[in-house]
Amino acid sequence: SAGWCLVMRCHHLFYAARPLEGLEREIHTCVSIMSQLNLEAHRMVALPYLLAVAKLRGVDVAEEYMDLEAMVKVASETSNMASRGHAIFAQLELMVIFKDWKRATELLIEAGNLRLYIPGHFVGVRFTALDALISFKAARASPFFARMKWKKRGVKSMK
């Protein structure tokens, strides 16, 4: 459908290492088109990437859109698990970029298995790498038995 094509475009744009200003403009255009076409479920999957780019640029879009934490809450309440998965994934990406390992570890535990809700294309692969990276980082900061648990999780996520 047109909605999923726009969502995939947003994913591709986000991971294509483009300048953030142009990237924000393009993803905003995709999200606006989804609103005009009344593709709300698709819009909620693409919106986390717009919010992530805005946060990376230091731009406040709170007046126009809800933040990622609010998106997770709304998606959970409406049982839109794809939107919830992508919102949590975008939060994890930002936490890793900003080296907020403690919050990333807490969110990873709270999120559960997001692989069920994130498609198997490169976003799913990226989540696998993030899961392992956060798990190995948590292992380094944990006592022995917890360290073994985190290492096991990291290795398991890479299989």
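Predicted model, so just to flag it, every value in this text is computed and none were measured.

Asks: Would you explain the pattern of salt bridges in this entry?
Replies: A side chain of one charge can pair with a side chain of the opposite charge if their charged atoms are brought near each other. Following the criterion strictly, the structure yields 11 salt bridges and no others. With a shortest N-O distance of 3.8 Å, Glu21 and Arg25 are connected by a salt bridge. Highlighted residues: Glu21 and Arg25, both in helix H2 (residues 20–36), separated by four residues, approximately one helical turn. Linking Arg57 and Glu24 is a salt bridge whose minimum nitrogen-to-oxygen distance equals 2.2 Å. Of the two residues, Arg57 is situated in helix H3 (residues 40–57) and Glu24 in helix H2; the sequence distance between them amounts to 33 residues. Glu24 sits in the buried class, given a relative accessible area of 11%. Each of Arg9, Arg18 and Glu26 takes part in a single network of salt bridges with overlapping partners.

Asks: Got a minute to help me understand the side chain of Ser157 in this structure?
Replies: Residue position: Ser157 is located in helix H8 (residues 144–158). For Ser157, a relative accessible area of 8% puts it in the buried group. Polar contacts involving the side chain of Ser157 include one to the main-chain carbonyl oxygen of Gly154, which spans 2.9 Å. Apart from the residues within four sequence positions on either side, Ser157 is in contact with Arg115, Thr128, Asp131 and Ala132.

Asks: Explanation requested: the packing of aromatic side chains in the structure shown.
Replies: For any pair of aromatic rings, the description rests on two quantities: the centre-to-centre distance and the angle between the ring planes. Counted by the stated rule, this structure contains five aromatic pairs. Measuring from centroid to centroid gives 6.5 Å for Tyr15 and Tyr49, while their planes differ by 70 degrees, and the two rings are edge-to-face. Taken together, the positions of Tyr15 in helix H1 (residues 2–15) and Tyr49 in helix H3 put the pair 34 residues apart, joining distant regions of the chain. Overall, the relative accessible area of 25% leaves Tyr15 in the partly exposed class. Here the aromatic rings of Phe89 and Phe127 are separated by 6.2 Å at their centres, their planes lie at 65 degrees, and the arrangement is edge-to-face. On the criterion of sequence distance, the pair formed by Phe89 in helix H5 (residues 81–97) and Phe127 in helix H7 (residues 122–140) is long-range, its members being 38 residues apart. An identical accessibility class is assigned to Phe89 and Phe127; each is buried. Aromatic rings pair up to connect Phe14, Tyr15 and Tyr49 into one cluster.

Asks: I keep staring at the environment of Tyr117 and nothing clicks. Help me out?
Replies: Its place among the elements puts Tyr117 in the loop between helix H6 (101–111) and H7. In this structure, the C-alpha to C-alpha distance between Tyr117 and Met81, residues 36 residues apart in sequence, is 6.0 Å. Not counting residues within four places of it along the chain, the set of residues in contact with Tyr117 comprises Met81 and Ala82.

Asks: How should I be thinking about the nonpolar core in this particular structure?
Replies: Nonpolar side chains in soluble globular proteins tend to be buried together. By size, the foremost hydrophobic cluster in this structure holds 47 residues, and its most contacted members are Ile27, Met34 and Leu92. Of all the elements in the fold, those that place two or more residues in this core are H1, H2, H3, helix H4 (68–77), H5, H6 and H7. Ranked by the residues each element gives to this core, the list is headed by H3, at 10 residues.

Asks: Just checking my understanding: could you explain H4 for this structure?
Replies: Note that an α-helix has 3.6 residues per turn; residues three or four places apart therefore point the same way. For H4, the full list of buried residues reads Leu68, Met71, Val72 and Ala75. Down the axis of H4, the buried side of the element spans an arc of 100 degrees, and every buried residue falls inside it. Exposed and facing more than 90 degrees away from the buried side of H4 are Lys73 and Glu77. The inward-facing, buried residues of H4 contact H3 and H5. At the exit of H4 stands Ser79, carrying a positive phi of roughly 60 degrees.

Conventions adopted
- Residues numbered from 1 in each chain as written.
- Predicted model: local features only at pLDDT ≥ 70, side-chain atom pairs only at ≥ 80, totals over all residues.
- Heavy atoms only, no water.
- Salt bridge = Lys/Arg side-chain N within 4 Å of Asp/Glu carboxyl O.
- Helix = DSSP H or I, 4+ residues; strand = E, 2+ residues; numbered from the N terminus.
- Buried < 20%, exposed > 50% of the residue type's maximum accessible area, 1.4 Å probe, protein only.
- Polar contact = N/O pair within 3.5 Å; in protein donor to acceptor, adjacent residues only side chain to side chain.
- Contact = heavy atoms within 4.5 Å.
- Phe/Tyr/Trp six-rings, centres within 6.5 Å; stacked < 30°, edge-to-face > 60°.
- Core = buried A, V, L, I, M, F, W, Y, C linked by side-chain atoms within 4.5 Å.
- Arc of directions from axis to C-beta.

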